[in-house]
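Spelled out from the first residue to the last, the chains are:
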Amino acid sequence: MQLTSVSVTKNESRQLKSDPLFREEVEALSGVNISRCYQCFTCTLGCPVAYAMDYRPNQIIRLCQLGLKDAVLGSSTIWICASCESCVTRCPNEIDIPHLMDTLHQIALREGVPPKEPAVPIFHRAFVEPIRRFGRQYEIMMTVLFILKARKFSFKDLRTNASLGLNMMKRRKLKLTPPLIKNLAAIEEIFEKAESGEQK
Amino acid sequence: MKYAFYPGCTQESTAEEFGSSSKAVCQKLGIELKEIPDWNCCGASSGHFLNDELTHALPGRNLAIAEKQGLDTLVVCAACYLRLRSTQREAKESPEFRKRLAELIDMPYEAKYEVKHLLDVVVNDLGLEEVSNRVKKPLKGLKLAAYYGCYLVRPPKIVAFDDPENPTTMDRLLESLGAEVVDWGGKVDCCGGSLVLSRTEIVLKLTGDLIKGARDAGAEAMVVACPMCHSNLDTRQSGKDRLPILYFTELMGLAFGIPKTDSWFKKHLVSPFNLLKSHDLI
Ligand code: SF4
Ligand code: SF4
């Protein structure tokens, strides 16, 4: 561990802990060659959600190159990336940033780093739960799980979402009973094998 | 033309109108669909978010079953399309990947067949002449903005039937139905996708920009090929002046004179009835 000084904006620089092994770990896990990035900024210019991130996509790459693990895993960026695939499409070095973001937030989840955007992983976990149980998506269950776990909705948000839910039900856009595939055992097996590598 | 058909979860719930209109236009065009038996969810954006193996095993099971059917797979949802295609591509390129996938899904998968999107099949394989030949009720005077979003065109290493920055497949299809297509800058911009519950205000900003962009270009409705985009755009508009969001297959059905199209349009939160009536289309 060493301390590295990083300028975040023109007027602000921070002392950050650097972990020289982090860059190699990230490259090995993701298969993305981050060394090729020369900070041309193309990714960030086209990123639809860069305005809502604390570090921009190009900065995340730079932080990874410098091994500034805590800054990367503690960022909002790795949760907010919408996987829109624009940056990788336009990057002159074909750096697969959305895939890198997947690797980064998976490391954060595995190492128990508190997510800067807690609602995002809660959403994704709520999304896969019905798939695990029924083999297909069951929107009502997903939404209820999300609301209960995220506890982020104000009364007003809840009312907006409830009336949206009712409007969708009226139009039969939400199924009341869960879908169910026949070979559920196959799905259970897939989850078991795929998740056996994850540490809780 | 015969395909293994992967409907995807939303086609039986939030995007039921996309599913039924897709099936109806395929039947009209002589595209035979054999539903993949006992298909499962592809994992959408959450599979790859959480787990690199889950993201391939879920689509992989569907692809392996479709391979037993001996057919190319046809997909209508843009998000499922990217997921299935990404697993198919990786499997095609890497024997190691195929081996691990087979272990995960307990079935062999050789990636012998292709994964195609309905837009690609209709415009590039079947051809627009076949489409315009079937038009009974041209969509004359209807001004539309074709919205592709992300996964129909990106990343081009995996999905590659059109230009990633300025695609035209859907524009040409809508023109062949007799509609007027507007030129606009939002074609491949992102709607915010799965951030809709976790960071709702981001999705509201992005969809708001898209709707404004389409309207400023003169569009009376926006046309989509993705249930996620549809839901983000259609269900969260507020105010009096709302922009109808339509699936390309619904417009094909309307132009082909398929009966009972109103059962599809009734499902929309932003009702397209007034617009369609004003052009004598319904
Ligand atoms: S577009 Fe590519 S090379 Fe340019 S800053 Fe972004 S990641 Fe680096
Ligand atoms: S994939 Fe993520 S980082 Fe890249 S442009 Fe899209 S939202 Fe931004």
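Residues numbered from 1 in each chain as written. Chains lettered and ligands numbered in written order. Predicted model: local features only at pLDDT ≥ 70, side-chain atom pairs only at ≥ 80, totals over all residues. Heavy atoms only, no water.

Here we look at the sheet that holds strand β3 (residues 73-75) of chain B
Residue and element names in this part refer to chain B.
Part 1 of the reasoning: If you trace the four strands from one edge of the open sheet to the other, you get β2-β1-β3-β4, paired in parallel fashion. With one partner strand each, in any of the chains shown, β2 (32-35) and β4 (115-117) form the two edges of the open sheet. Ignoring strand direction, the axes of neighbouring strands in this sheet form an average angle of 40 degrees.
Part 2 of the reasoning: Sitting on the sheet, helix α3 (residues 54-69) is in contact with β1 (2-6), β2, β3 and β4, with an inclination near 155 degrees to β1. (Pairing = 2+ DSSP bridges. Helix = DSSP H or I, 4+ residues; strand = E, 2+ residues; numbered from the N terminus. Axes fitted to C-alpha atoms, helices over the stretch in contact; angles between N-to-C directions. Contact = heavy atoms within 4.5 Å.)

Some details on the site of ligand 2
Part 1 of the reasoning: Every residue close to ligand 2 is listed here: A:Cys47, A:Pro48, A:Val49, A:Pro57, A:Cys81, A:Ala82, A:Ser83, A:Cys84, A:Glu85, A:Cys87 and A:Pro98.
Part 2 of the reasoning: Within the shell around ligand 2, the residues separate by chemical class into nine nonpolar, one polar and one charged. (Near = heavy atom within 4 Å. Nonpolar A, V, L, I, M, F, W, Y, C, P; charged D, E, K, R; others polar.)

Some remarks on helix α12 (residues 248-255) of chain B
Residue and element names in this part refer to chain B.
Part 1 of the reasoning: Counting buried residues along α12, eight of its eight residues qualify, which places the element largely inside the surrounding structure.
Part 2 of the reasoning: Taken together, the buried positions of α12 are Phe-248, Thr-249, Glu-250, Leu-251, Met-252, Gly-253, Leu-254 and Ala-255.
Part 3 of the reasoning: Just past α12, the residue Gly-257 takes up positive phi, approximately 75 degrees. (Buried < 20%, exposed > 50% of the residue type's maximum accessible area, 1.4 Å probe, protein only.)

Some remarks on the site of ligand 1
Part 1 of the reasoning: Around ligand 1 there are 13 residues in total, and A:Cys37, A:Cys40, A:Phe41, A:Cys43 and A:Cys91 lie nearest to it.
Part 2 of the reasoning: The residue makeup of the shell around ligand 1, split by class, is nine nonpolar, four polar and no charged.

A few points about the packing of aromatic side chains
Part 1 of the reasoning: Under the criterion given, the structure shown has eleven aromatic pairs over all chains.
Part 2 of the reasoning: Ring geometry for A:Phe123 and A:Phe146: centres 6.2 Å apart, planes at 70 degrees, overall edge-to-face. Remark: A:Phe146 occurs in helix α9 (residues 139-150) and A:Phe123 occurs in helix α8 (residues 119-134); sequence separation between them is 23 residues.
Part 3 of the reasoning: With a relative accessible area of 4%, A:Phe123 lands in the buried category.
Part 4 of the reasoning: Seen from their ring centres, B:Phe265 and B:Phe273 are 6.5 Å apart, and the 85 degrees between their planes marks the pair as edge-to-face.
Part 5 of the reasoning: Among the residues examined, B:Phe273 registers a relative accessible area of 19% and is labelled buried.
Part 6 of the reasoning: Pairwise contacts between aromatic rings join A:Phe123, A:Phe127, A:Phe146 and A:Phe153 into one cluster.
Part 7 of the reasoning: Geometry around B:Trp39 places A:Arg136 over its ring, the cationic atom sitting 3.5 Å from the centre.
Part 8 of the reasoning: We note B:Lys205 situated over the ring of A:Tyr51; from NZ or CZ to the ring centre the distance is 5.0 Å. (Phe/Tyr/Trp six-rings, centres within 6.5 Å; stacked < 30°, edge-to-face > 60°. Lys NZ or Arg CZ within 6 Å of the ring centre and 35° of its normal.)

Re a nonpolar patch on the surface
Part 1 of the reasoning: A cluster of nonpolar side chains, contributed by A:Leu166, A:Met169 and A:Leu176, occupies part of the molecular surface with about 300 Å² of accessible area.
Part 2 of the reasoning: Of the residues examined, A:Leu176 reaches a relative accessible area of 59% and is grouped as exposed. (Patch = residues over 30% accessible without salt bridge, like charges linked within 9 Å, V, L, I, M, F, W, Y side chains within 5 Å. Areas by Shrake-Rupley, 256 points an atom, 1.4 Å probe, with all protein chains shown as cover. Salt bridge = Lys/Arg side-chain N within 4 Å of Asp/Glu carboxyl O.)

With respect to the interface of chain B and chain A
Part 1 of the reasoning: Chain B puts 53 residues into the contact, and the matching count from chain A is 59 residues.
Part 2 of the reasoning: Each partner contributes to the roughly 5100 Å² buried at the junction of chain B and chain A, and carbon and sulfur atoms together form 59% of this total.
Part 3 of the reasoning: Area buried by chain B at its contact with chain A is led by B:Phe49, B:Leu50 and B:Leu197, which between them contribute 15% of it.
Part 4 of the reasoning: Across the contact surface, chain B and chain A share four salt bridges. (Buried area = accessible area lost by both parts, 1.4 Å probe.)

As for the side chain of B:Asp162
All names here are of chain B.
Part 1 of the reasoning: Note on placement: Asp-162 falls in the loop between β5 (143-146) and α8 (169-176).
Part 2 of the reasoning: For Asp-162, which is buried and forms no salt bridge, the nearest opposite charge comes from Arg-172, at a distance of 5.1 Å.
Part 3 of the reasoning: With residues near it in sequence (within four places) discarded, Asp-162 still touches Tyr-148, Val-153, Pro-167, Thr-168 and Thr-169. (Lys, Arg positive; Asp, Glu negative; His and termini not counted.)

Here we look at helix α6 (residues 118-126) of chain B
Residue and element names in this part refer to chain B.
Part 1 of the reasoning: Most of α6 sits inside the fold, with seven of its nine residues counted as buried.
Part 2 of the reasoning: Those residues of α6 that fall on the buried side of the exposure criterion are Leu-118, Leu-119, Asp-120, Val-121, Val-122, Val-123 and Leu-126.
Part 3 of the reasoning: Downstream of α6 by one or two residues, Gly-127 has phi in the positive range, about 100 degrees.

Comments concerning the pattern of salt bridges
Part 1 of the reasoning: Evaluated as defined, the whole model comprises 26 salt bridges over all chains.
Part 2 of the reasoning: B:Lys157 serves as the salt-bridge partner of A:Glu94, at 2.8 Å between the closest nitrogen and oxygen. On the criterion of chain membership, the pair formed by A:Glu94 in the loop between α6 (86-90) and α7 (97-110) and B:Lys157 in the loop between β5 and α8 is interchain, its members lying in two chains. Taken individually, A:Glu94 and B:Lys157 each receive the classification exposed, so the pair is uniform in this respect.
Part 3 of the reasoning: Note that B:Arg100 is salt-bridged to B:Glu103, the shortest N-O span being 2.9 Å. Separated by three residues within a single helix, B:Arg100 and B:Glu103 lie in helix α5 (residues 95-105), roughly one turn from each other.
Part 4 of the reasoning: Here the salt bridges do not stand alone but share partners, grouping B:Arg85, B:Arg89, B:Lys92 and B:Glu114 into one network.

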